[in-house]
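Report on the structure
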Amino acid sequence: AQKITQTQPGMFVQEKEAVTLDCTYDTSDPSYGLFWYKQPSSGEMIFLIYQGSYDQQNATEGRYSLNFQKARKSANLVISASQLGDSAMYFCAMREPMFSGGYNKLIFGAGTRLAVHP
Amino acid sequence: DVKVTQSSRYLVKRTGEKVFLECVQDMDHENMFWYRQDPGLGLRLIYFSYDVKMKEKGDIPEGYSVSREKKERFSLILESASTNQTSMYLCASSLGFVGDGRPNTGELFFGEGSRLTVL
């Protein structure tokens, strides 16, 4: 069965520094997608970045990049130049395959709470 | 701008009450989902629907039911609320199936969440 693991319950980083949030996944399907979402204290889930399993290059979106290591089954989120507004919960998620009952739904990790200190 | 709207941000109910959580999306998405979020457990899928009147159980369907009478609306029902259903409930929608010919990664679009307390 597919599984997402985030091993860091909490992280902190100094403002303006870079931080890496870890995510490993487990799937036997060759076609999958990986997502990162941010959840501020207000509760809404904000989509950050997406990586498809067949994408040749690591995804980047502004200060966010996804360090995709397919052989290691890891999809770590790198936030460069951290800002105070980056303090939030971060969730890694994987899209399940459409067939075998997956219906393309997302499964989520337990999340990592990031605190950015001034 | 795409939007998923959940009817209530905060609810307080008594044990045994019937609870309705409503979710409406304006993106003409085929898929709709109800997740439950608890500290240390991430988001767990309760039910989802890939078409009107269709529903599929997720990972933790016990104690819940759903209704999807119209494409834009997906309701979560707690027939008899219990204290262990105190949680944050998140509704989401997504566009069809990845690979159905439309640009689609399977991204979920979320509502703002409904925080339910059962006393």
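Only a predicted model underlies this, so the values are computations on that prediction, with no experimental measurement involved.

**A few points about the overall build of chain A**
Secondary structure summary: chain A contains zero helices and twelve strands in total. Here the C-alpha atoms of chain A give a radius of gyration of 14 Å, agreeing with the 13 Å that 2.2 N^0.38 yields for 118 residues. Here chain A, with 118 residues, has 49% of them falling under the buried criterion. Of all intrachain contacts in chain A linking residues separated by at least 6 positions in sequence, the fraction that spans at least 24 positions is 55%. A total of about 5600 Å² of accessible surface is found on chain A, and carbon and sulfur atoms cover 51% of it.

**Concerning the interface of chain A and chain B**
Chain A puts 19 residues into the contact, and the matching count from chain B is 24 residues. Carbon and sulfur atoms supply 64% of the area that chain A and chain B bury against each other, a total of about 1800 Å² over both sides. In terms of surface lost to chain B, no three residues of chain A exceed A:Tyr103, A:Lys105 and A:Phe108, which account for 30% of the buried area on that side. The tally of links between chain A and chain B comes to five residue pairs in polar contact (both at pLDDT 80 or more). Within the residue set of the side of chain A that touches chain B, elements represented by two or more residues are β5 (33–39), β6 (46–52), β10 (88–95) and β11 (106–108) of chain A. Looking at the side of chain A that touches chain B, the element that brings in the most residues is β5(A), giving three residues. Looking at side-chain class alone, the side of chain A that touches chain B contains eleven nonpolar, five polar and three charged residues.

**What about the packing of aromatic side chains?**
Across all of its chains, the model carries 14 aromatic pairs over all chains by this definition. A ring pair is formed by A:Phe108 and B:Tyr35, whose centres lie 5.3 Å apart and whose planes are at 85°; its orientation type is edge-to-face. With A:Phe108 in strand β11 and B:Tyr35 in strand β4 (residues 31–38), the pair connects residues from two separate chains. A:Phe108 gets classed as buried once you look at its relative accessible area, which sits at 9%. Seen from the ring of A:Tyr64, A:Arg63 lies directly overhead, with NZ or CZ sitting 5.7 Å from the centre.

**Quick word on the sheet that holds strand β1 (residues 4–6) of chain B**
Residues and elements named next belong to chain B. Pairing within the open sheet is antiparallel, and its four strands lie in the order β1-β3-β8-β7. The sheet is open, and its two borders are formed by β1 and β7 (65–70), each paired with just one other strand. For this sheet, the mean inter-axis angle between neighbouring strands, taken without regard to orientation, is 20°. Here β1 runs beside strand β3 (residues 19–25); their pairing, made up of three bridges, is antiparallel. Counted as the bridge partner of Gln 6 is Cys 23 from β3.

**Some words on unusual backbone geometry**
Positive phi outside glycine occurs at A:Ala81, with the angle close to 45°. Topologically, A:Ala81 is positioned in the loop between β9 (74–79) and β10. Positive phi values are uncommon outside glycine, yet B:Asp28 reaches one of about 60°. Note that B:Asp28 resides in the loop between β3 and β4.

**Some details on the nonpolar core**
Core analysis: the biggest nonpolar cluster contains 25 residues, and A:Ile4, A:Tyr25, A:Leu34, A:Trp36, A:Ile49, A:Leu77 and A:Tyr90 have the highest contact counts within it. Among the elements that take part in this core, β10(A) stands out by supplying four residues, more than any other. When neighbours within four sequence positions are excluded, A:Leu77 is seen to be in contact with A:Val19, A:Thr20, A:Leu21, A:Trp36, A:Leu48, A:Ile49, A:Tyr64, A:Ser65 and A:Tyr90. Of all hydrophobic cores here, the second largest spans 21 residues; its members include B:Met32, B:Ile46, B:Phe74 and B:Ala81.

**Looking at the side chain of A:Ser53**
All names here are of chain A. For Ser 53, the location among the structural elements is in the loop between β6 and β7 (60–61). Residue class for Ser 53 comes out buried when judged on its relative accessible area of 3%. Those residues within four positions of Ser 53 in sequence are excluded, and the remaining contacts are Pro 30, Ser 31, Tyr 32, Phe 68 and Lys 70.

**Topic: the pattern of salt bridges**
Considering all chains together, one arrives at ten salt bridges over all chains under this definition. A:Asp26 is the partner of A:Lys73 in a salt bridge, and the nearest nitrogen-oxygen pair spans 3.6 Å. Taken together, the positions of A:Lys73 in the loop between β8 (64–69) and β9 and A:Asp26 in strand β4 (residues 24–26) put the pair 47 residues apart, joining distant regions of the chain. The closest approach of N and O atoms between B:Glu112 and B:Arg9, which form a salt bridge, is 3.5 Å. Pair noted here: B:Glu112 is in the loop between β10 (109–110) and β11 (114–118) and B:Arg9 is in the loop between β1 and β2 (10–13), with a separation of 103 residues, a long-range link. Residue class for B:Glu112 comes out partly exposed when judged on its relative accessible area of 43%. Among the residues examined, B:Arg9 registers a relative accessible area of 30% and is labelled partly exposed. Here the salt bridges do not stand alone but share partners, grouping B:Arg36, B:Asp38 and B:Arg44 into one network.

Reading the values: the criteria
- Residues numbered from 1 in each chain as written.
- Chains lettered and ligands numbered in written order.
- Predicted model: local features only at pLDDT ≥ 70, side-chain atom pairs only at ≥ 80, totals over all residues.
- Heavy atoms only, no water.
- Helix = DSSP H or I, 4+ residues; strand = E, 2+ residues; numbered from the N terminus.
- Rg over C-alpha atoms; globule rule 2.2 N^0.38 Å.
- Buried < 20%, exposed > 50% of the residue type's maximum accessible area, 1.4 Å probe, protein only.
- Contact = heavy atoms within 4.5 Å.
- Areas by Shrake-Rupley, 256 points an atom, 1.4 Å probe, with all protein chains shown as cover.
- Buried area = accessible area lost by both parts, 1.4 Å probe.
- Polar contact = N/O pair within 3.5 Å; in protein donor to acceptor, adjacent residues only side chain to side chain.
- Nonpolar A, V, L, I, M, F, W, Y, C, P; charged D, E, K, R; others polar.
- Phe/Tyr/Trp six-rings, centres within 6.5 Å; stacked < 30°, edge-to-face > 60°.
- Lys NZ or Arg CZ within 6 Å of the ring centre and 35° of its normal.
- Pairing = 2+ DSSP bridges.
- Axes fitted to C-alpha atoms, helices over the stretch in contact; angles between N-to-C directions.
- Core = buried A, V, L, I, M, F, W, Y, C linked by side-chain atoms within 4.5 Å.
- Salt bridge = Lys/Arg side-chain N within 4 Å of Asp/Glu carboxyl O.

Any functional reading would require information beyond the geometric quantities listed.
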